[in-house]
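# Structural description and commentary
Each chain is listed here by its residues.
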Amino acid sequence: MHMTAQICQDDLPKGRDIVIVGAGAYGLSAAWFLSQAIGGEHVLVLDSSDFAGNGTGRCIGGFRTQWGHESNIRMSMESVRFFEKAAEILDYPEGIDIKQKGYLLLAWDEATMDRFRGIQDIQHQLGVQSQLLTPDDVAKLSPPVNQDGLRGAAFCERDGTISPFRLLDALLTAVRREGADVRYGTQVRSLHNKGRGFIVQTTSGDVRAKQVLVCTDWAAPVLMKTLGIQLPVEMLPVEIMVSEPTKPLLGPVHISMKHDMAINQMVRGSVVINHGRPRPRQENIAVRPDWIRHAARGAQEVSRALADLNILRAWAGMISITPDMQPILDEMEIPGLYTAVSAYKGLMNSPAAGRYMADLMLGRAKEDPLTPFVSLSRLKSGNLVREPMTNGARLDD
Ligand SMILES: Cc1cc2nc3c(=O)[nH]c(=O)nc-3n(C[C@H](O)[C@H](O)[C@H](O)COP(=O)(O)OP(=O)(O)OC[C@H]3O[C@@H](n4cnc5c(N)ncnc54)[C@H](O)[C@@H]3O)c2cc1C
């Protein structure tokens, strides 16, 4: 992969029509769709870290269409279509390392199987080719899975993984080609509302903007606060580890709802294990010393074949928590100020979120079926989205 990101030393422009804060999957996807619609020369993206410095660069790279609420199914279907054609759409011949060997959602109790059964209809109506599997089917599809107590699984072959780094590099290359200006190492300190626009105060000087889109995920409340706006977003650290490359073990991404665990063997052979557990919110990004043992135990409950993995390293990343664990994609009470907060699963729905934000900012989202489920008004009116396939532990802890 040629890495096109570099810290640009040129002076910041004095103004741009649109300033996007954050160059993760959300910010760069929005920059792509805005560049397509109005031209990249109108778009400036500012990021305080270097390339892939936050959530997108720390995630497992998984995408699945097997959700239970129509908003999530729509967003993931739209995004999968984008991922499947990303090399072509973004003119990035290296591709984004897409692997479509499915998501295997394992159920160790009847209640989980009932949950899977209950969402088959809506999935099929919206075009998700999911199926329910018996333990015997699971044994054929993925022999290493522990059969003790297994009740069955849900599976969709179209689900899979991409490389988050390649996706970001592809988007970055494409938006720069379209004329967008993307700056790393530039922190936005505060936002100021001036007349019908904004002054974006950064560590490299001030920029005027007609519209500002804050795509800093769990950090969005920090900038909103500088304008006196409270955003109901919290942060939670999630830990993850990767093994040395090993022989082919697992085709699909394995999910165990019981363990709050995702296990994925990457295209190049290493196995990535993401095992959530209740942790105090707002804690620093650090892997706790006991986590690797905890995750290793959980992983071996899913498959004993994982016992021989040599773990290379572990890291953690912050995820954003919203009251219903659904994204917030909306304009704030100050016209021209927008935010897009992922509420986890933000890599897999980033193309849809980016497209939606571009439409919203250009006044084209009124009829969009996503609007009732992603707007802030749902939270204010108490109409929370109930997604049966969101892990309860993350909501309840
Ligand atoms: C361990 C782990 C595993 C995950 N696995 C998956 C998965 O398999 N699939 C999936 O879909 N999702 C997954 N996620 C969630 C996913 O990573 C996030 O939802 C997604 O990356 C959010 O994208 P984003 O662009 O909103 O945020 P980010 O990628 O975090 O980008 C935000 C950017 O804003 C910048 N920024 C912050 N504050 C400022 C400021 N003041 N000024 C300028 N820049 C600023 C940051 O430097 C950062 O680059 C996982 C997350 C973790 C932690």
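Just so you know, the residues in each chain are numbered from 1, in the order the chain's sequence is written. Totals for whole chains, interfaces and linings use all residues, but because this is a predicted model, local features are given only for residues with pLDDT of at least 70 and pairs of side-chain atoms are given and counted only at 80 or more. Based on all heavy atoms of the structure, the side-chain values leave hydrogens and waters out of the count.

Per the convention used, a helix needs a DSSP run of H or I reaching at least four residues, while a strand needs a run of E reaching at least two, with both numbered from the N terminus. A count of helices and strands for the protein gives 14 helices and 18 strands. Taken over the C-alpha trace, the protein has a radius of gyration of 21 Å; the compact-globule value for 397 residues is 21 Å, and the two agree within 12%. Overall, the protein is about 65 × 45 × 40 Å in size when its C-alpha atoms are taken along their principal axes. Residues counted as buried form 58% of the 397 residues belonging to the protein. If you take every contact in the protein between residues at least 6 apart in sequence, the share linking residues at least 24 apart comes to 76%. Atoms considered for the radius of gyration are the C-alpha atoms alone. The globule rule reads 2.2 Å times the number of residues to the power 0.38. The classification of residues rests on relative accessible area computed with a 1.4 Å probe and restricted to protein chains. Under 20% of the type maximum is buried, over 50% is exposed, and intermediate values are partly exposed. Contacts: residue pairs with any heavy atoms within 4.5 Å of one another.

Moving on to the nonpolar core. Put simply, a nonpolar core is a bunch of buried Ala, Val, Leu, Ile, Met, Phe, Trp, Tyr and Cys residues held in one set by side-chain atoms that sit within 4.5 Å of each other. Counting residues in hydrophobic clusters, the biggest one holds 74 residues, and the most contacted among them are I20, L28, L90, L213, L329 and M357. No other element matches the eight residues that helix 1 (residues 25–38) contributes to this core. Each domain span listed reflects an automatic or database assignment of domains. The residues that make up this core include at least three from each of domain 1 (15–59 + 165–233 + 323–396) and domain 2 (100–160 + 235–321). Excluding its chain neighbours within four sequence positions, the residues that come into contact with I20 are G27, A30, A31, L34, V43, L44, V45, L46, L213 and C215. One finds L191, A209, I229 and V341 within the second-largest nonpolar core, a separate group that totals 27 residues.

Any Phe, Tyr or Trp ring, taking Trp's six-membered ring, that has another such ring centre within 6.5 Å forms a pair; planes under 30 degrees apart are called stacked, those over 60 apart edge-to-face, and the others tilted. Following the criterion strictly, the structure yields three aromatic pairs and no others. With a centroid separation of 5.8 Å and 50° between ring planes, the pair formed by F33 and F82 is classed as tilted. With F33 in helix 1 and F82 in helix 3 (residues 70–84), this pair connects stretches of sequence that are 49 residues apart. Look at F33 and you get buried, because its relative accessible area is 18%. Pairing F63 with F83 gives two aromatic rings, centres 5.5 Å apart and planes at 50°, and the pair type is tilted.

Before going further, it helps to spend a moment on the side chain of H259. Structurally, H259 is set in the loop between strand 13 (253–256) and strand 14 (261–265). Two N or O atoms form a polar contact when they lie within 3.5 Å of each other; inside protein one atom must be a possible hydrogen donor and the other a possible acceptor, and for residues adjacent in sequence the pair counts only when both atoms belong to side chains. Among the polar contacts listed, one links the side chain of H259 to the side chain of S256, at a separation of 2.7 Å. Excluding residues that lie within four positions of it along the chain, H259 makes contacts with W108, H275, G276, G298, E301 and V302.

Axis geometry follows a simple rule: fit a line to the C-alpha atoms, using only the stretch in contact for helices, then measure angles between N-to-C directions, giving values from 0 to 180 degrees. Between helix 1 and helix 8 (residues 164–177), whose axes approach to 9 Å, the crossing angle comes to 35°. Crossing angle aside, the handedness with which helix 1 passes helix 8 is left-handed. The segment helix 1 lies against helix 8, with A25, L28, S29, A31, W32 and S35 engaging L168, L171, L172, A174 and V175. Charged means Asp, Glu, Lys or Arg here, nonpolar means Ala, Val, Leu, Ile, Met, Phe, Trp, Tyr, Cys or Pro, and polar covers whatever is left, Gly included. Of the residues that constitute the contact of helix 1 with helix 8, the class distribution is nine nonpolar, two polar and no charged. Crossing handedness is read from the near helix: turned anticlockwise from the far helix by less than a right angle, it gives a left-handed crossing, and turned clockwise, a right-handed one.

Quick look at the domain arrangement of the protein now. What the domain assignment reports for the protein is domain 1 (15–59 + 165–233 + 323–396) and domain 2 (100–160 + 235–321). Here the C-alpha centre of domain 2 lies 28 Å away from the C-alpha centre of domain 1. Across the contact, 21 residues belong to domain 1 and 23 residues belong to domain 2. Buried area between domain 1 and domain 2, both sides added, is near 1,800 Å², and the carbon and sulfur share of it is 58%. Basic side-chain nitrogens of Lys or Arg form a salt bridge, by our definition, when they fall within 4 Å of a carboxyl oxygen of Asp or Glu. Where domain 1 meets domain 2, there are zero salt bridges. The interface formed by domain 1 and domain 2 holds seven residue pairs in polar contact (both at pLDDT 80 or more) in total. Partitioned by chemical class, the residues of the side of domain 1 that touches domain 2 number 14 nonpolar, three polar and four charged. Accessible area, probed at 1.4 Å, shrinks when two parts are joined; the buried area is that loss added up over both.

Glancing now at unusual backbone geometry. We note that D260 has phi near 50°; this positive angle belongs to a residue other than glycine. Mapped onto the secondary structure, D260 falls in the loop between strand 13 and strand 14. Non-glycine residue M325 carries a positive phi angle of around 55°. As for its position among the elements, M325 is in the loop between strand 16 (311–321) and strand 17 (328–331). Judged by its relative accessible area of 2%, M325 falls in the buried class.

On to helix 10 (residues 291–302), then. Look at helix 10: 17 Å from first C-alpha to last across 12 residues, which is about the 16 Å you get at 1.5 Å a residue. Inspection of helix 10 places W291, A295, G298, A299 and V302 among the buried residues, and these make up the whole buried set. All buried residues of helix 10 project into a common sector of 100° when viewed along the axis, lining one side. Buried residues belonging to helix 10 abut strand 4 (103–107), strand 12 (234–243), strand 13, strand 14, strand 15 (271–275) and strand 16. Helix span, expected: 1.5 Å multiplied by one less than the number of residues in the helix. Each C-beta atom gives one direction from the helix axis, and the arc is the one those directions make.

This brings us to the site of the ligand. Here a residue is considered near a molecule or strand provided that any single heavy atom belonging to it is located within 4 Å of it. Around the ligand, the structure places 33 residues, and the nearest of them are D47, T56, I60, S342 and M348. Contact between the ligand and V188: a nitrogen atom at 2.9 Å from a main-chain N or O atom of the residue. With respect to the ligand, the backbone of L347 contributes an N or O atom lying 3.0 Å from an oxygen atom. If the ligand stood free it would expose 1,000 Å²; the protein chains cover 95% of that surface. Of all the secondary structure elements, the ones that give two or more residues to the shell around the ligand are helix 1, helix 2 (55–58), strand 12 and strand 16. For the shell around the ligand, the leading source of residues is helix 2, giving three residues. Residue classes in the shell around the ligand are distributed as 14 nonpolar, 15 polar and four charged. Two domains each donate at least three residues to the shell around the ligand, and these are domain 1 (15–59 + 165–233 + 323–396) and domain 2 (100–160 + 235–321). Residue exposure ignores everything except the shown protein chains as possible cover, and the areas themselves are Shrake-Rupley values with a 1.4 Å probe.

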